Amino acid sequence: MPRWIESFLTDISRDLLGHTARSERIAVNPWTLVLEVEGFALDDPDGTTWLSFDHLRINLQVSGLFRRAWTLREFHLDGPRLRIERFGSGETRLGRVLASLPESQAEDAPESGSLPRLLISDFSITGGAVRVVDAVPEPAQDLSFAPIEIRVSDLSTLEEREGDKAIAVELPGGATLRLNGKVHLAPTEIAGSLRVERADLAPVLPYLRSAVAVDALEAWLTAGFDYRLSWPAGAGPVVELSDLELVLADVAVSAASDSGPLLRLEEVRATGGRLGFPQRRAGFDSLRVAGLSADIRSAADGRLNLQSLAVRPGAAAAPDPDAIPPDVSGAPVANDPGQGPVGWDVTVDSVDLVEGRVAFEDRAFDPPAALVLDRLNLAFENVGNQPDTEIPFDGSAVLAGGGEVNLNGRASVLPEISATAGIEVREIPVGLAQPWVSRASELKFESGLIEAGIEAVWSPDGAKSAAGTVTVSRLEVVDARDGQPLIGWERLGIERFELDLTGRDLNVTQVDLAQPQGRLTIHEDLSTNLSGLMSGPEGAADGESDAESGWGIRIARIGIADGGLDFADRSLPLPFATRIRQLDGHITTLDTGSAAPGEVELEGQVDEYGLARASGTLDAMDPLRDTDMRVEFRNLDLSSLSPYSVGFAGREIDEGQLDLDLGYRIEAGVLKASNDVVISDLVLGQKVDHPGAASLPLGLAVALLTDSNGVIDIELPVEGDVNDPEFRLGGVIWKAVAGLITKVVTAPFKLLAGLVGAESGDLGEISFLAGRSDLPPPAREKVAQLREALTRRPELAIEVPGTYVEAIDAPVLQFRDLRRTVLDRLGKPEGAAEANAGADAEATGIRDDMLDGQVRGVLEQLHRERFPESPLEAIRAEHSAPPVDDPEGVAVLDELAYAIDLRERLVQSQPVEQGELDALGEARAVAVRAALLADGGLDENRVALGPVVPGESEDGDWVVIELEVAAD
């Protein structure tokens, strides 16, 4: 019998499987019905033993005849060993065995129905081992599950009979899987409990690598649950799990190409688990994650280490969520679109993340930038996949650099994602953003805290919005290049904002700025401390305006209280600095969607006693479109502006006060400014050589513009195209100032004429008749008007030069000298009127007496003396002719023509000394000065005589003295 059994096993293994079966001993006791097999092995054609055992003992009982069932007292298998192997091609050794079965075996398989009647009183497997060899993962795996201990008492397929089972399997790493409970095979029902204690999950790493790029895995699993599995007759399977508890401890996950663990978990504990099938319900009472530590790093190229965990190419595709999986019993399962992809109801009563830590490190910076969330706690309730399930949540965290974040709200994920959340931010330092700010600018945060209360909403239709309040307190920003303060404030508070991310809309009710401070410095090279502050990424596109980007922004009011600005200009010959403080005011109604400009009202103190005010309207989002502003400065100390006057005109300012009323109107980029300037008690200082200063007589201009009260009051219009890239407001204003000064100093007497309403136009030209020094009536009127104008400009002085024109003054002087000679020889005195005889002497009869007979005799005598070579007879002959009525008669002398010819010959020969011309010019200057000082209203020091200079006459009759002005 044993040999027959051995031969049978050998033949059937060879014929059916193509394998070789062998055994060391087979023994059969026909009296006790005991079968024993020792040293059995089943070899694959390649010689590998894939199934074997040390000893098999089966004890058949005769009593089974009375039960009409196969009855075994014992079925004991000792040392079974099973080799499960998968080759690199994906083919398995067991698959080869099944593939070698003849097709007739599958066709002859019995149809499903009732199980054969069987009763085994004692079923046991001891010392078992399963070896799993898998060449597919990298590296290949060789795992051993041993020892395996299975014991079942009263294993039966008889109705109303159940057995006790106990299974123990030692897993790789030393953990043990234990399965205890009851077994009932007719109908099929298995119930009991399963426990796994601290199983090492490292062996699953190679299989994870086939799907995700996990480099290392450390984790220990402890699990346990009670179960009940049944398959009622005529129905599908029923699975019930209860008291399910899963614990993952000491978890560490490292991503490929990353140094150190990416994720650590002290413990993940799920308790109160339950699962029911076919009800398709699963859940836990609690899921608690403790000690989470995640280290997220961004490489220099911006790639996150999390991305290295991405699903590998070729990994198994995710199941089609629209597919309808079949029921185990073969019946289709309807897929509820409101539930998970397989129609399961899954709920977790509470999910808690306790004392977590998430660190982010950006290695694009040197040293790397870091942001750490510590003491991270999150709690969710009623988590499930049922439609319209609301999930309450709350959480909190502190930042390693200071500050705290709290949130709470409710969320729903099916059928659409929706959530409402309240977010509270407390005292988060703005310096946490320093590395990222430094990448795009030269700004450095010295201090500053952010607080906020925000209500965020994610609507089912995908709309996202937020509203709340924001406060930034004690902000201090410095220039990282020199460490100097740049901007800051004690508090910036946004009373309420409403942000619609979907509609790209922002509404702000009120922004309050308390004690804002700023610094503006102009350097020696005319750059400012703001130049080069922003250094965005290379290739960054120019920023869009809010209107171009489609954002609607409305700010109802910006309030400013107790602000200040430090201003310094180091580009000037004398470095200049001033401070505006106690700046208060507001800006209202800024709206990108409205053509109406916002209103501005600001007021502050300049230096110790100066006042600055600004009021008007402007489009803050596009100030070049529509701006209408008035800026007032009152009682500014002009000595503080001395650096500008030196740089502009080469003169310091010692004293003075300045009032400015500046109006700026910009429409479509075109500036029209009206500037009213009032300067009081201006005292200029010394001259300073400066290469950039314009050559302007600033002192003279001041004297011309300063009235009797010591005030300069001027209007200074300015125009320009702001859209012109070369446009500079400061340059335009200084150009206007220079133009005004040039106009004033080049035509000072027109300015003086305007003061008294003189119609003559230019009070600086005083006309004299040729050869005379007495003021004619028109000149006397001009002098009177000039005298009145000078009383209104007490700082102005006049210089009167002596002037003569030799071409018209010399003939008059020659005639006057000749007449004096004639009168001297006749013994007659010269009267005052005769002494001033000029070009109009003929009209007064003074010239006529030169034709008197006695006078003619003196003229003939003087001619003989001066022209001895020219006889008088020749001259008489030139002026003698026959009478008109007797052409042939005796020549008659034309005595008048003869006398005139003599006189003119003598006049032309009369010498005129330069001293006579100089004396005439000086006499004219003295006459003008005397007229200006006649009423005693002007200080004589303000009217000075100038040098005598030759001039020219435009009409040949009048000599014009051109007065000069100077600062007194």
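Residues numbered from 1 in each chain as written. Predicted model: local features only at pLDDT ≥ 70, side-chain atom pairs only at ≥ 80, totals over all residues. Heavy atoms only, no water.

Chemist: When you look at the pattern of salt bridges in this model, what are you seeing that I'm missing?
Modeler: Between side chains of opposite charge, a pair can form as their charged atoms come close. Tallied over the entire structure, the rule returns 44 salt bridges. Across the pair R25 and E38 runs a salt bridge, and its minimum N-O distance is 2.9 Å. You can see R25 sitting in strand β2 (residues 25–29) and its partner E38 sitting in strand β3 (residues 34–43), a full 13 residues away along the chain. On the accessibility criterion, R25 (32% relative accessible area) is partly exposed. Accessibility expressed as a relative area gives 26% for E38, which makes it partly exposed. Ionic pairing is found between R579 and D566, a salt bridge with its closest N-O pair at 2.9 Å. (Salt bridge = Lys/Arg side-chain N within 4 Å of Asp/Glu carboxyl O. Helix = DSSP H or I, 4+ residues; strand = E, 2+ residues; numbered from the N terminus. Buried < 20%, exposed > 50% of the residue type's maximum accessible area, 1.4 Å probe, protein only.)

Chemist: Explain the confidence of the model for the protein chain to me, please; I cannot follow it from the model alone.
Modeler: Any region with low pLDDT has predicted coordinates that should not be read closely. For the protein chain, per-residue confidence averages 80 on the pLDDT scale, and 79% of positions sit at 70 or higher. Looking over the protein chain, one finds the lowest element-wise mean pLDDT in helix α15 (residues 841–844), namely 40, and the highest in strand β15 (residues 281–290), namely 95. Here residues 316–341 is modelled with pLDDT under 50, and outside its nearest four sequence neighbours on either side it reaches 35 contacts, counting other chains as well. (pLDDT = per-residue confidence, 0-100. Contact = heavy atoms within 4.5 Å.)

Chemist: Explanation requested: the packing of helix α11 (residues 748–756) against helix α12 (residues 777–792) in the structure shown.
Modeler: Each pair of packed helices can be summarised by the angle the axes make with each other and by the distance between the axes. Their axes nearest at 9 Å, the elements α11 and α12 cross at an angle of 90°. When the axes of α11 and α12 are compared, the pair comes out roughly perpendicular. Judged by residue contacts, F749, L752, L755 and V756 of α11 engage Q785, L786, E788, A789 and R792 from α12. (Axes fitted to C-alpha atoms, helices over the stretch in contact; angles between N-to-C directions. Parallel < 35°, antiparallel > 145°, perpendicular 65-115°, else oblique.)

Chemist: What exactly am I supposed to notice about the pairing of strand β23 (residues 464–479) here?
Modeler: Two faces, one strand: in a regular strand the side chains alternate between the faces of the sheet. Where strand β22 (residues 443–458) lies against β23, 14 bridges are found, and the strand directions are antiparallel. Looking across to β23, one finds that K444 is bridged to V478. Counting the residues between successive antiparallel strands, the hairpin from β22 to β23 contains 5 residues, one of them, G462, with a positive phi of roughly 95°. Bridge count for β23 against strand β24 (residues 485–500) is 12 bridges, and the pairing is antiparallel. Across the sheet, E476 pairs through a bridge with G488, a residue of β24. Counting the residues that bridge the hairpin from β23 to β24 gives 5 residues, and of these G483 lies at a positive phi of roughly 75°. (Pairing = 2+ DSSP bridges.)

Chemist: Whenever I open this one, unusual backbone geometry confuses me. Can you help?
Modeler: A negative phi angle characterises most non-glycine residues, just as the trans form characterises most peptide bonds. At the junction of F277 and P278, the peptide bond is cis and its omega measures out at 20° in the coordinates. Take P278: it is sitting in the loop between β14 (263–277) and β15. For the bond running from L414 to P415, omega is 0°, close enough to zero to count as cis. Along the chain, P415 turns up in the loop between β20 (404–412) and β21 (418–429). Phi is positive for R280, close to 60°, though the residue is something other than glycine. With respect to the helices, strands and loops of the structure, R280 is situated in the loop between β14 and β15. Taking relative accessible area as the criterion, R280 reaches 10% and is therefore assigned buried.

Chemist: Got a minute to help me understand the packing of aromatic side chains in this structure?
Modeler: Each aromatic ring pair is described using two quantities: the centre-to-centre distance and the angle formed by the ring planes. A full pass over the atoms with the stated rule returns 6 aromatic pairs. Between F75 and F123 the ring centres are 5.1 Å apart and the planes differ by 10°, which places this aromatic pair in the stacked class. In this pair, F75 is assigned in strand β5 (residues 70–78) and F123 in strand β7 (residues 118–134), connecting sequence segments 48 residues apart. Here F123 falls in the buried class, since its relative accessible area comes to 17%. For the ring pair F277 and W344, a centre distance of 6.1 Å and an interplane angle of 25° mean the geometry is stacked. Remark: W344 occurs in the loop between β16 (293–298) and β17 (345–362) and F277 occurs in strand β14; sequence separation between them is 67 residues. Both residues of the pair, F277 and W344, belong to the buried class. Over the face of the ring belonging to W458 we find K464, whose NZ or CZ atom lies 5.1 Å from the ring centre. (Phe/Tyr/Trp six-rings, centres within 6.5 Å; stacked < 30°, edge-to-face > 60°. Lys NZ or Arg CZ within 6 Å of the ring centre and 35° of its normal.)

Chemist: Got a minute to help me understand the sheet that holds strand β40 (residues 943–950) in this structure?
Modeler: Neighbouring strands of a sheet are bound in pairs by backbone hydrogen bonds; such pairs are parallel or else antiparallel. Strand order in the open sheet formed by 3 strands is β40-β37-β42, and the pairing between neighbours is mixed. Edge positions in the sheet fall to β40 and β42 (964–967), since each of these pairs with one other strand and no more. On average, adjacent strands in this sheet sit at an angle of 30° to one another, irrespective of strand direction. Across 6 bridges, the pairing between strand β37 (residues 796–804) and β40 is parallel. Bridge pairing in β40 links V800 to L945. The strands touched by helix α19 (residues 914–932) within the sheet are β37 and β40, with β37 carrying the most contacts at an inclination of about 150°.

Chemist: Is there a simple way to explain the packing of helix α13 (residues 806–826) against α19 in this structure?
Modeler: Between α13 and α19, the shortest axis-to-axis distance is 10 Å and the interhelical angle comes to 105°. Judged on the interaxial angle alone, α19 and α13 are roughly perpendicular. Across from E806, D809, A810, L813 and D817 in α13, the residues of α19 making contact are E916, L917, L920 and R924. Split by residue class, the contact of α13 with α19 holds 4 nonpolar, no polar and 5 charged. (Nonpolar A, V, L, I, M, F, W, Y, C, P; charged D, E, K, R; others polar.)

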